[in-house]
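For reference, the chains in residue letters:
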Amino acid sequence: MTTVVRVPEELSARVPAEQRGPGLERDAVRLLVSRGTAVSHHAFAELPCLLRAGDLLVVNTSPTLAAAVDGRVGHARVVVHFSTRGDDGRWAVELREPDGKGTTRARAGTRAGSEVRLPGGGRLVLEEPLSARGERLWWARASADVRGVLREHGRPIRYSYTERDQPLSVYQTVFALPSADGAGSAEMPSAARPFTARLVAELVSRGVQFAPVTLHTGVSSGEAHEPPYAERFAVPEASARLINNAKANQERREALPWKGGGGRRAGGRVVAVGTTAVRAVESATGADGVVRAAEGWTELVVTPERGVRVVDGLLTGLHEPEASHLLMLEAVAGRPAVDRSYEEALRALYLWHEFGDVHLILPEEGPHTEHCVSNYR
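Asker: Could you clarify how one ought to interpret the nonpolar core in this entry?
Answerer: Nonpolar side chains in soluble globular proteins generally cluster together in the buried interior. Val 235, Ile 243, Val 291 and Trp 352 are the most contacted members of the largest nonpolar core, which has 39 residues in total. Taken together, the elements giving at least two residues each to this core come down to strand S3 (56-60), strand S11 (209-215), strand S12 (231-235), helix H4 (237-254), strand S13 (270-273), helix H5 (275-283), helix H6 (325-333) and helix H7 (335-347). Broken down by element, the residue count for this core peaks at 5 residues, all from H6. If we skip the residues at most four places from it in the chain, Trp 352 touches Val 7, Leu 11, Ser 12, Ala 13, Leu 318, His 319, Glu 320, Tyr 342, Ala 345 and Leu 346. Of all hydrophobic cores here, the second largest spans 28 residues; its members include Val 79, Val 80, Leu 137 and Ala 140.

Right, dumping it as structure tokens:
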């Protein structure tokens, strides 16, 4: 893990960027760029200047669910966080309790057989812990259609560092697509949140391509910082082909002699937008480095020991020091680069969490100077 010990409370992004002042949009966040241990500071709207024609962004299309629902266990009020729907119809859930501040805290005493009364008359019965790691998440069976309950009575999961409840639309990214079966993410794939339709259009106009994948995220835990549990993912054939073509083009360009502005300075880098996109695409990649269409459940945890097979770069939020996501960042960039970028993020007062600033990790290379003016502003 990184040498960062603690993120000051004042660096938590409490509201979305567009609510911090008049005329602001989602992209009004800062962008920390690291290439090895070299760090530079940008506005997110400068992203088209930092990518090249031929680069490929892998984006997660999972929509965010209104996954928090009020309920009761006996006379006690609880909040159910619905995490993941299993193949057998059960849901992985976390029971929490109101903290009196509009958010929730961990709840002790959850046990098998506990029954939760849901709004609309439904019942939820806890059956067994999700895994041997602990008893935070449970498999539970509902008497009602959970997706209907979420639509009628759910709200987005909110954590204590945020200022107030937000509508579900605030938690949807520009890439979110409805799933045929109503599946989605318990928590927003937040690295993509700063993208707007206009910024995507400019990236496309500059020759940057997009490869959509899907990974439905479960609930995380600010208290436990566990590695991710198994999550549903899909990498379609068209996206696998785009990624493989980008890697093949990259290899051909790297074989060319260095010619100043050409050769290796051309695009072809595969940059994942979010740790969820990394987990999806790396789950579909064989030991031979070839991405193949795949769907199902993935338990892959990307670590420095495992490494990455196709991802060259990563656009991601800023993670807590204990978060397992940092192991993935180390797998992409190396420990010295992650330590250096986080030291700089703290020094420059970047904002953390899902409404905060973002971090672009690019491969280390020779001298570089950006010579582009974005048409976005």
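Asker: Help me understand the packing of H5 against H6, please; the structure alone is not making it clear to me.
Answerer: Each pair of packed helices gets described by two things: the angle between the helix axes and the distance between those axes. Relative to each other, H5 and H6 sit at 65 degrees, their axes nearing to 11 Å. Classified by the interaxial angle, the pair formed by H5 and H6 is roughly perpendicular. Of the two possible hands of crossing, H5 and H6 adopt the one that is left-handed. Where H5 abuts H6, its residues Thr 275, Val 278 and Arg 279 lie against His 325, Met 328 and Leu 329. Here the contact of H5 with H6 is composed, by residue class, of 3 nonpolar, 2 polar and 1 charged.

Asker: Can you help me understand the packing of H6 against H7 in this one?
Answerer: Put simply, H6 and H7 touch, their axes get as near as 7 Å, and they point 120 degrees apart. Facing H6, whose interface residues are Leu 326, Leu 329, Glu 330 and Ala 333, H7 presents Arg 335, Ala 337, Val 338 and Tyr 342. Considering only residue class, the contact of H6 with H7 consists of 6 nonpolar, no polar and 2 charged.

Parameters at a glance
- Residues numbered from 1 in each chain as written.
- Predicted model: local features only at pLDDT ≥ 70, side-chain atom pairs only at ≥ 80, totals over all residues.
- Heavy atoms only, no water.
- Core = buried A, V, L, I, M, F, W, Y, C linked by side-chain atoms within 4.5 Å.
- Buried < 20%, exposed > 50% of the residue type's maximum accessible area, 1.4 Å probe, protein only.
- Helix = DSSP H or I, 4+ residues; strand = E, 2+ residues; numbered from the N terminus.
- Contact = heavy atoms within 4.5 Å.
- Axes fitted to C-alpha atoms, helices over the stretch in contact; angles between N-to-C directions.
- Parallel < 35°, antiparallel > 145°, perpendicular 65-115°, else oblique.
- Left-handed = near helix turned anticlockwise from the far one by under 90°.
- Nonpolar A, V, L, I, M, F, W, Y, C, P; charged D, E, K, R; others polar.

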